[in-house]
Each structure stands twice: as C-alpha cells, then as structure tokens.
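Given next are the chains, with one letter for each unit.
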Amino acid sequence: MKRIALLGPGTFTEESADYYLGRNHFDYVNCKLIDDVFMSTVNGQTDYSVIPIENTFDGSVSLHLDWLVHEVELPMQAEWVYPISINLLGVAGFGASLEAGCSGLKKIVSHGVTLTQCRQFLRQYLPHVELEQVGSNGVAARMVKELGRSDVAALAPASAGALYGLHTWAQGVQDHYNNFTRFVLVGSEPLRLPEKTSAMVKTTIIVTLPDDYPGGLHQLLSAFAWRRINLSKIESRPTKKKLGTYYFYIDIEASMDSVLLPAALQEIEAIGCQVRILGSYPTYSYEPEGSKV
Ligand SMILES: O=C(O)C(=O)C[C@]1(C(=O)O)C=C[C@@H](O)C=C1
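Residues numbered from 1 in each chain as written. Predicted model: local features only at pLDDT ≥ 70, side-chain atom pairs only at ≥ 80, totals over all residues. Heavy atoms only, no water.

Within an unreviewed UniProt entry, the label attached to the protein chain reads Prephenate dehydratase, and the organism entered is Paenibacillus konkukensis. Quoted straight from UniProt, the Pathway (unreviewed entry) entry for the protein chain says "Amino-acid biosynthesis; L-phenylalanine biosynthesis; phenylpyruvate from prephenate: step 1/1." The record held by UniProt for the protein chain lists under Catalytic activity (unreviewed entry) the comment "prephenate + H(+) = 3-phenylpyruvate + CO2 + H2O". (UniProt positions renumbered as here; feature names shortened; annotations may be inferred.)

## Some thoughts on the site of the ligand
In the region of the ligand, 13 residues are neighbours, and Phe12, Thr13, Gln117, Asn137 and Thr181 sit closest. For the ligand, whose accessible area on its own is 370 Å², the fraction buried by protein is 100%. Those elements that place two or more of their residues in the shell around the ligand are α1 (12-20) and α4 (112-117). Among the elements that make up the shell around the ligand, the one with the highest residue count is α4 (3 residues). The class makeup of the residues in the shell around the ligand is 4 nonpolar, 9 polar and no charged. Of the domains in this structure, domain 1 (2-84 + 179-187) and domain 2 (87-170) are the two that each give at least three residues to the shell around the ligand. (Near = heavy atom within 4 Å. Areas by Shrake-Rupley, 256 points an atom, 1.4 Å probe, with all protein chains shown as cover. Helix = DSSP H or I, 4+ residues; strand = E, 2+ residues; numbered from the N terminus. Nonpolar A, V, L, I, M, F, W, Y, C, P; charged D, E, K, R; others polar. Domains from an automatic or database assignment.)

## Brief notes about the sheet that holds strand β8 (residues 130-134)
Pairing in this open sheet of 5 strands is mixed, and the strands run β8-β7-β9-β6-β10 from one edge to the other. At either end of the open sheet lies a strand with only one pairing partner, and these are β8 and β10 (167-170). Strand after strand, the sheet turns through a mean of 35° between neighbouring axes, direction not considered. Of the strands in this sheet, β6 (87-90), β7 (107-111), β8 and β9 (152-156) touch helix α6 (residues 137-147), which is tilted by about 155° from β9. (Pairing = 2+ DSSP bridges. Axes fitted to C-alpha atoms, helices over the stretch in contact; angles between N-to-C directions. Contact = heavy atoms within 4.5 Å.)

## Things to note about the domain arrangement of the protein chain
The domains assigned to the protein chain are domain 1 (2-84 + 179-187), domain 2 (87-170) and domain 3 (200-281). Look at where the C-alpha atoms of domain 1 and domain 3 centre, and you get two points 24 Å apart. Each side of the interface is counted separately: domain 1 has 18 residues, and domain 3 has 16 residues. Where domain 1 abuts domain 3, roughly 1300 Å² becomes buried across the two surfaces, and 48% of that area is made up of carbon and sulfur atoms. The largest share of the area that domain 1 buries against domain 3 comes from Val69, His70 and Met76, three residues that together contribute 41% of it. Glu54 is paired through a salt bridge with Lys233; the nearest N and O atoms lie 3.1 Å apart. One can count 10 residue pairs in polar contact (both at pLDDT 80 or more) joining domain 1 with domain 3. Listed by contribution, the elements that provide at least two residues to the side of domain 1 that touches domain 3 are β3 (48-55), α3 (62-71) and β5 (76-83). (Buried area = accessible area lost by both parts, 1.4 Å probe. Salt bridge = Lys/Arg side-chain N within 4 Å of Asp/Glu carboxyl O. Polar contact = N/O pair within 3.5 Å; in protein donor to acceptor, adjacent residues only side chain to side chain.)

## Description of the packing of helix α2 (residues 34-42) against α3
One way to put it is that α2 packs onto α3 with a least axis distance of 11 Å and a crossing angle of 25°. Our classification of the angle between α2 and α3 gives roughly parallel. Both α2 and α3 take part in a crossing whose hand is right-handed. For the pair α2 and α3, the contacting residues are Ile34, Asp35, Phe38 and Met39 in the first and Leu63, His64, Trp67 and Leu68 in the second. Among the residues making up the contact of α2 with α3, the classes are represented as 6 nonpolar, 1 polar and 1 charged. (Parallel < 35°, antiparallel > 145°, perpendicular 65-115°, else oblique. Left-handed = near helix turned anticlockwise from the far one by under 90°.)

## Side note on the confidence of the model for the protein chain
Of all residues in the protein chain, 95% have pLDDT values of 70 or greater, and the mean over the chain is 92. Reported confidence for the predicted complex is 0.96 by ipTM and 0.92 by pTM. (pLDDT = per-residue confidence, 0-100.)

## What to know about the nonpolar core
Formed by 36 residues in total, the largest nonpolar core has its most connected members in Ile4, Leu21, Trp80, Ile108, Leu155 and Leu185. If you list the elements that add at least two residues to this core, you get β1 (2-7), α1, β2 (26-31), β3, β5, α5 (119-125), β9 and β11 (180-187). The element that contributes the greatest number of residues to this core is β5, accounting for 4 residues. Three or more residues apiece are contributed to this core by two domains, here domain 1 (2-84 + 179-187) and domain 2 (87-170). Apart from residues lying up to four places away in sequence, Leu21 is in contact with Ile4, Phe26, Tyr28, Val50, Trp80, Leu185, Leu193 and Pro194. With 22 residues, the next largest nonpolar core counts Ala5, Ile34, Leu65 and Tyr281 among its residues. (Core = buried A, V, L, I, M, F, W, Y, C linked by side-chain atoms within 4.5 Å. Buried < 20%, exposed > 50% of the residue type's maximum accessible area, 1.4 Å probe, protein only.)

## What to know about α2
Within the span of α2, buried status applies to Ile34, Val37, Phe38, Ser40 and Thr41. For α2, the angular spread of buried residues about the axis comes to 160°, placing them on one side. At its buried positions, α2 is contacted by β1, β2, β3, α3 and β11. Phi turns positive one or two residues past the end of α2, at Gly44, with a value near 80°. (Arc of directions from axis to C-beta.)

Here it is in structure tokens:
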C-alpha cells in the first residue's frame, strides 16, 4: 500500500483524500502541521503528501506554494478540488441559538484559513468571541473535545464532529456557498488515482525572467499565445532574494508529453528565462451526484 502524508485526522484534507484516494489502496499517515506533511515524504517515511494549495475565496495558500518552490523538490503528481463546508462544533452546553448570539460561547478554535472563510459569519453572529488559530481543523476539534468546555467551539469539517463525537451547532457556516479548495498530491513517482477519471493533464512551472525590462512578461506569454496553449493561472511571487524581485508561478492546460508545450518552454529559455517544472499531472474534478464542478 502506498503511504500518504496529510494533515489529519478530522481535516478537509482527509475528507478530500477519502473522496479521491480512499483507504483501500492507501495508508494515511496523519500529521499535525503542514511542515510534518512535507517532511515525511522528503524523508521517505511516506510516498506522497497531500497539500492544499488554493481556495476559491482566499486564493493561493502562499505558505504551501513557498514550500513547494523553495523548500522541497517534490513533483506534483495529481490535483483535485473539494468542496469546503464548515461546521460549528462543540460539546453540548452553550446551547443558545446563533440568532441569540450564542452568548455562552467565549472562544472558537480553527485553522487560520477556515477562520478567514467564515469572517462574515463570525462578525454577524459571534462578534464577542475570542478566535484562536491552530495547525489544522482536526486539531481544533480534538482540542474542543479534550477541553470538554461548553464555552469553546471549533470551526471544522463534519468528519471531525463525527470523529470526536462533537455536537453540530451550525452547518455550512462558510461565507460563500461555492467554497472549494484545490489540493495537490506530491511525491517522486507518478500516480493514477484508482477508480477516477482525469479530465485533463496540467503542467505547473516556475519562471524567472532574466531581468526586469519592458515587455519581458509579454514576451514570455507570447510563447504560449501563438501556440494557443491556455494558461489557467499566473501569479507573481517574491523570489525571497531581494525586495521587489519576483518569479511567475504558472499553471498550463497542457502536458509535457504534448509536442507544443516543450517547444514553448524551449523558446522561453532561449530568451534567457529560467524555467523549473513543478509537475505535469492529471487533474480530477468533484462530481456531486453526477454533475461536474
Ligand atoms: O485544517 C484542515 O482541515 C485542512 O485540511 C487545511 C486547510 C488549508 O490549509 O487550507 C484545507 C482546506 C480548507 O480550505 C482549510 C484548511
């Protein structure tokens, strides 16, 4: 069985892995912090890591992209998206309805990204409550269970409530209904997900321009444009070498096995750009009741 490192248990990452990987072919290795997730595959304790990299509303998870670019050499081998439905979970007791302001509730624990995804909800219903960030939503739910205090609650997935026997005070409290997170599976060997069909192969690259000069980015993009290769994402990120210097993180809707993409990358290198390929990998879509996202 392949070993998969992920934030867990009781996290959205774990829920998404259950949907896309399942437990028949994979052993999950639970980690408390994202650093441990990355390092377990780097150190060979696991074959792959599952990493959340982007959310519909928060955009890129910068810390995780930075890990992939600066800290580790773990190629991307698959990508999937998963819906994020956030619940308010607690031990029985604070009891008052949300409309009444849950007046007994003093503290909410959650992952920072999840707190951001519930900002309007928190402002509207729980403005008096102290917020505490922890390394994952699973850790948040476990804390609430262990504390056993009715004035502390977690924002976490339904699976965390089931795992720790918590009461669900409110369901789907994220500010936006259409809330999805994109995850990548990284590791040294290619992997086709069992029983899932990939819609497309994508390639992710990092490009550094030789210099800051007029039209540099235009020149880079034209290598894709005239070949009619679609880019689904481009983001500039700091090189971390000097303030005001950037590289481009680019998702391309084409495979490195195609004829056109390697030629485009050669052209970009010929104009002096540095190109690093983070992965060329199948993407998988969430299909609720047969309809594709
Ligand atoms: O803590 C969790 O539940 C996670 O899986 C982590 C994580 C993240 O790091 O972005 C994953 C998806 C959600 O958007 C919020 C948190």
